[in-house]
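Examination of the molecular architecture
Each chain, letter by letter, is given below.
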Amino acid sequence: MPRPRVRMSGPQRREQLVAVGRAVFAERGYEATSIEELAVRADVSKPVVYEHFGGKEGLYTAVVDREMQRLLDRFTAALAQGGGPRALLERAALALLDYVEDDTDGFRVLARDSPGAGSYSSLLGEIAHRVEHLLAEQLAARGHDPQPAGLYSQALVGMVALVAQWWLEHRTTSKDEVAARLVDLAYSGLSHLDPHPVLHTVRLDPA
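Let me sum up the structure you'll find in this document. (Residues numbered from 1 in each chain as written. Predicted model: local features only at pLDDT ≥ 70, side-chain atom pairs only at ≥ 80, totals over all residues. Heavy atoms only, no water.)

**What to know about the overall build of the protein**
Short version of the rule: Only DSSP runs of H or I covering at least 4 residues are called helices, and only runs of E covering at least 2 are called strands; the numbering of each starts at the N terminus. Relative accessibility under 20% of the residue-type maximum defines a buried residue, over 50% an exposed one, and the middle range a partly exposed one, all with a 1.4 Å probe and only protein chains included. Pairs of residues are marked as contacts when any of their non-hydrogen atoms sit within 4.5 Å. To be clear on the numbers: accessible area is Shrake-Rupley with a 1.4 Å probe, and residue cover counts the displayed protein chains and nothing else.
Secondary structure assignment for the protein yields 9 helices and 0 strands. Here the protein holds 207 residues, and 40% of them are scored as buried. Long-range pairs, those at least 24 residues apart, make up 68% of the contacts in the protein with a sequence separation of at least 6. Summing over all exposed atoms, the protein offers an accessible surface of approximately 12,000 Å²; the carbon and sulfur share of this is 55%.

Right, here's the structure in full:
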């Protein structure tokens, strides 16, 4: 005899479907997930999923939007504490690594395939934008031109993000060691910036 389905209010059902979608999309990716599987895992009929989200893509978008906000909130809180460049780098690295550790399914959803423009790259662009003005202040305080702050913020956020994806699958290195090595590499470079860098390798003309 089938067990009766749990009755939920509209908001409760949406929350349940988002939680189920987060787990399934993290496990299987967007393309490999079907409405049927989502409905079975949530113990609802397919029309219920369509009623709340209009389909698989709508549910996926809701999951991604929530995870993006969670990660942005972590970065905002970390960077709002102020401090010198090394402290900012450490908190930024740990904010992302903490998210990978605490919200692994959410990170997998963001870092995996998506139906539209890459949600993960969009998120990293937003994070880099928030970091840019902090880097500009630090560059100006050291007598450097703050104009390249946008380039540097993209490079730093990209480096941390790629390492976070690597660490997701290679947990033999502790989170603190990963963060410490990342910051050491980034900070040692930032603390010895050449105000007018040039390439030291001669470019060969193409044949």
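**A short note on the packing of aromatic side chains**
Condition: Here a Phe, Tyr or Trp ring, Trp counted by its six-membered ring, pairs with any other such ring whose centre lies within 6.5 Å, and the pair is stacked when the planes are under 30 degrees apart, edge-to-face when over 60, and tilted otherwise. Two conditions define a charge sitting above a ring: the NZ of Lys or the CZ of Arg must be within 6 Å of the ring centre, and it must be within 35 degrees of the ring normal.
Tallied over the entire structure, the rule returns 4 aromatic pairs. Between Phe-25 and Tyr-60 the ring centres are 5.1 Å apart and the planes differ by 85°, which places this aromatic pair in the edge-to-face class. Residue Phe-25 is found in helix α1 (residues 10–28), and its partner Tyr-60 is found in helix α4 (residues 56–79); the two are separated by 35 residues along the sequence. Comparing Phe-25 with Tyr-60 shows no difference in burial state: the two are buried. Between Tyr-30 and Tyr-60, the ring centres sit 4.9 Å apart and the planes meet at 65°, which makes this aromatic pair edge-to-face. With Tyr-30 in the loop between α1 and α2 (35–42) and Tyr-60 in helix α4, this pair connects stretches of sequence that are 30 residues apart. Comparing Tyr-30 with Tyr-60, the two get one shared label, buried. Each residue in the set Phe-25, Tyr-30 and Tyr-60 is aromatic and connected to the rest through ring pairs, giving one cluster. If you follow Lys-56 out to its NZ or CZ, it ends over the ring of Tyr-30, 4.2 Å from the centre. Geometry around Trp-167 places Arg-171 over its ring, the cationic atom sitting 4.5 Å from the centre.

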